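# Secondary and tertiary structure notes
So you can see what is in the structure, the chains are spelled out below.
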Amino acid sequence: MSAPVPDSLLALARTAAATGAWHDVRTTLERDPAGTERDGARAVLLADACLWTGDPQNASRWLDRALPLLTAAGDRPAVRRSVNMLGAAAFALGALDRASDRFAEALAMALTDGDALLTARATNNLGLIEALRGNADLSIAAYQRAIPTYQRLGNPRGLAESWHNLAISFRARGELDAAEDAERRAIEFATEADNSRLATMAMVGRAEISLRRGDFAWARVTADRAVTVFAALPDFLLQADALRVVADAADRMALTAIADEAIATALQLARTHAHRTQEAQALQTLAQMMLRRGAMDDARTIGTQAGEAFSELGSVAAAEEMAEFLADLSR
């Protein structure tokens with residue numbers, strides 16, 4: 001019997017993935033879409049690249065193709081990882097119930113199989129769901145469960161993600177000093193992991209904190225730098241998020257043209273790539289911009305759209321915030 005022929009495309013793609021060159025991974029595996037359709041290892045790696053480049057629609061499509069192939073091959077580690085990735089894709093697309101179910105399924109598999117790393121990742125991801133649903137205490141508890149596991153495993157990337165997520169939940173509770181400290185920890189671990197994407201995410205988080213504190217100039221400059229980083233990767237989801245912060249900061253500085261261009265681009269990216277959460281957040285920012293400019297009818301219309309979007313997503317706290325915003329407009 002002859003030896004199997006090495007998969008040169010898969011080898012090239014894995015080499016690119018090891019260096020974080022996710023755009024190159026996509027370019028490589030998309031050269032032979034038919035072959036990738038038939039190969040679970042290729043399909044799941046391409047899905048991973050789609051997630052890393054902010055394209056959850058295609059990530060979900062490739063994972064749906066990969067999962068039965070991996071299951072048929074008996075590759076349990078790849079199966080449970082793919083289930084977690086399906087949750088990540090659903091989360092990015094704003095399907096929170098589906099994401100929660102997938103993350104819970106991945107967590108159950110990880111616990112059964114003794115996969116400590118996936119246990120931490122799925123726990124962290126379930127914290128993200130609670131955060132979007134407005135359950136800051138539950139989200140913080142989830143991140144605090146994940147962090148010790150990442151520490152035991154010596155996984156700086158996971159630590160950076162969990163500390164950044166902690167910062168978001170602290171910020172939601174108005175605990176800005178704790179949020180700032182958490183973002184600094186996230187940057188330290190992202191630097192240790194040599195992961196500029198995560199470090200830049202944490203810098204955008206610090207820009208959001210600066211907005212709350214009234215330092216609009218620093219927030220704008222920091223978020224603008226992040227836009228450049230995310231555009232180069234590319235990561236459309238994070239680029240849209242950074243642009244939203246640029247728009248908010250610029251508008252508060254009365255830099256109307258810059259703000260308008262940034263928020264329009266953020267909305268375009270979110271809609272093009274079906275990032276429903278990003279779209280809702282951008283609409284929320286735009287409604288607040290219109291209110292500051294005295295355009296009450298526009299603020300009411302856009303605020304209503306944002307509130308409806310948050311309600312559809314199951315983002316309870318954000319939907320309630322928009323309800324209060326609209327109520328204030330009517331007084």
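Here we summarise the structure given alongside this text.

The rules behind the values
- Residues numbered from 1 in each chain as written.
- Predicted model: local features only at pLDDT ≥ 70, side-chain atom pairs only at ≥ 80, totals over all residues.
- Heavy atoms only, no water.
- Salt bridge = Lys/Arg side-chain N within 4 Å of Asp/Glu carboxyl O.
- Helix = DSSP H or I, 4+ residues; strand = E, 2+ residues; numbered from the N terminus.
- Buried < 20%, exposed > 50% of the residue type's maximum accessible area, 1.4 Å probe, protein only.
- Core = buried A, V, L, I, M, F, W, Y, C linked by side-chain atoms within 4.5 Å.
- Contact = heavy atoms within 4.5 Å.
- Phe/Tyr/Trp six-rings, centres within 6.5 Å; stacked < 30°, edge-to-face > 60°.
- Lys NZ or Arg CZ within 6 Å of the ring centre and 35° of its normal.

For the coordinates displayed, the defined rule picks out 31 salt bridges. Close ionic contact of glutamate 208 with arginine 171 constitutes a salt bridge, the shortest N to O distance being 3.7 Å. In this pair, glutamate 208 sits in helix α12 (residues 196-213) while arginine 171 sits in helix α10 (residues 156-172), placing the two residues 37 residues apart along the sequence. The buried category is assigned to arginine 171, whose relative accessible area is 11%. One salt bridge in this structure joins arginine 173 and glutamate 175, with 3.0 Å as the shortest N-O distance.

By size, the foremost hydrophobic cluster in this structure holds 76 residues, and its most contacted members are Phe91, Trp163, Leu166, Phe230, Leu286, Met289 and Phe310. With ten residues, the single largest contributor to this core is helix α14 (residues 236-252). Sequence-distant contacts of leucine 286, that is, excluding residues within four places in its chain, are made with Ile263, Leu267 and Ile302. One finds Val44, Trp62, Leu67 and Ala78 within the second-largest nonpolar core, a separate group that totals 32 residues.

A word on the packing of aromatic side chains. Counting across every chain of the model gives one aromatic pair. Consider the rings of tryptophan 22 and tryptophan 52, whose centres lie 5.6 Å apart with planes at 0°: the pair is stacked. With tryptophan 22 in helix α2 (residues 22-29) and tryptophan 52 in helix α4 (residues 40-52), the pair connects residues that are 30 residues apart, well separated along the chain. Each member of the pair, tryptophan 22 as well as tryptophan 52, is classed as buried. One Lys or Arg, arginine 61, reaches over the ring of tryptophan 62 and ends 4.6 Å from the middle of that ring.

Any functional reading would require information beyond the geometric quantities listed.
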